[in-house]
Amino acid sequence: TTITNKLPNMETLEADIFIGYQPHTDPDTVIIAHKQVCCRLFAAKRYLSLFGMPKNMDDMLENHRICDKHEHTVYVPQWKDIISKAKHVVYRTNSIFQFRHYLNEGVGIGICPTIYGNNKHYPITSVDFEFDIDVFLMAHKDTKDMPRIRVMLDYLKELLENKPSY
């Protein structure tokens, strides 16, 4: 298993399966599933207890701490604008694991799928910022039907298709 922000070279079988925000244009790639996932701003309970809920977008840009994951500025144009105007971008990463860790620790406000709202993440409802992002499950055309790969593809497809978009 490799986790990277770079699209794999499918011609050389650099990956059998991958998930991305855009369809891969490589002719050896097949899209197995596609879903639009609703996202919004979230913060951890710890962050909100320390800094409070932003009153509105202007208050968030001026006074609140923002966590940024690189792909968000690439695939969400309005987020790029927010990042450029925010006074306190306190954390930037290209790792979803690190992003989620720092968001969980209460470092700042960041983008998450709306299904992440739970006892750790609270939606920032005072700021009108919600959007859908495309998620694609893709595979190599020559290996997608191999039993060990098909099992994983079927599992990921079911997971993707059965998660609410909210």
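Residues numbered from 1 in each chain as written. Predicted model: local features only at pLDDT ≥ 70, side-chain atom pairs only at ≥ 80, totals over all residues. Heavy atoms only, no water.

What follows is about helix H5 (residues 96–104). A distance of 3.3 Å separates the backbone nitrogen of phenylalanine 97 from a side-chain oxygen at the start of H5, and that oxygen is part of serine 95. Just past H5, the residue glycine 106 takes up positive phi, approximately 85°. (Polar contact = N/O pair within 3.5 Å; in protein donor to acceptor, adjacent residues only side chain to side chain. Helix = DSSP H or I, 4+ residues; strand = E, 2+ residues; numbered from the N terminus.)

This next bit is on the pairing of strand E5 (residues 110–113). Residue alternation in E5 divides its side chains into two sets, Gly110 and Cys112 and Ile111 and Pro113, and both sets are buried. Bridge count between strand E2 (residues 29–44) and E5: four bridges; the pairing is antiparallel. Within E5, the position partnered with phenylalanine 42 by the bridge is glycine 110. (Buried < 20%, exposed > 50% of the residue type's maximum accessible area, 1.4 Å probe, protein only. Pairing = 2+ DSSP bridges.)

Our next topic: the pattern of salt bridges. Using the criterion set out here, one finds nine salt bridges in the structure. Residue glutamate 130 is joined to arginine 40 by a salt bridge in which the shortest nitrogen-to-oxygen separation is 2.7 Å. Of this pair, glutamate 130 sits in strand E7 (residues 130–140) while arginine 40 sits in strand E2; the two residues are 90 residues apart in sequence, bridging distant segments of the chain. We classify arginine 40 as buried; its relative accessible area is 13%. (Salt bridge = Lys/Arg side-chain N within 4 Å of Asp/Glu carboxyl O.)

Let us now look at the confidence of the model for the chain. Across the chain, pLDDT averages 89, with 92% of residues at or above 70. Across the chain, the secondary-structure element scoring lowest on mean pLDDT is helix H3 (residues 70–75), at 82, and the one scoring highest is helix H2 (residues 57–63), at 98. (pLDDT = per-residue confidence, 0-100.)

Another aspect to go through is the nonpolar core. By size, the foremost hydrophobic cluster in this structure holds 30 residues, and its most contacted members are Leu41, Trp79, Ile109 and Phe129. For this core, the leading source of residues is E2, giving six residues. Aside from chain neighbours lying at most four places away, what touches tryptophan 79 is Leu41, Ile66, Cys67, Asp68, His72, Thr73, Ile111 and Phe129. (Core = buried A, V, L, I, M, F, W, Y, C linked by side-chain atoms within 4.5 Å. Contact = heavy atoms within 4.5 Å.)

With a phi close to 55°, leucine 13 is a non-glycine residue in the positive phi region. The class of leucine 13 is partly exposed, set by a relative accessible area of 43%.

Right, let's talk about the pairing of strand E1 (residues 17–20) for a bit. Burial along E1 is one-sided: the residues Phe18 and Gly20 are buried and none of Ile17 and Ile19 is. Bridge count for E1 against E7 is four bridges, and the pairing is antiparallel. Residue phenylalanine 18 lies in a different strand from E7, and its bridge partner there is methionine 138.

This part is about the packing of aromatic side chains. One pass over the full model with this rule turns up five aromatic pairs. For the ring pair tyrosine 21 and tyrosine 75, a centre distance of 5.3 Å and an interplane angle of 50° mean the geometry is tilted. In this pair, tyrosine 21 sits in the loop between E1 and E2 while tyrosine 75 sits in helix H3, placing the two residues 54 residues apart along the sequence. In textbook terms, an aromatic cluster arises when at least three aromatic residues are bridged by ring pairs, as seen for Trp79, Phe129 and Phe131. (Phe/Tyr/Trp six-rings, centres within 6.5 Å; stacked < 30°, edge-to-face > 60°.)

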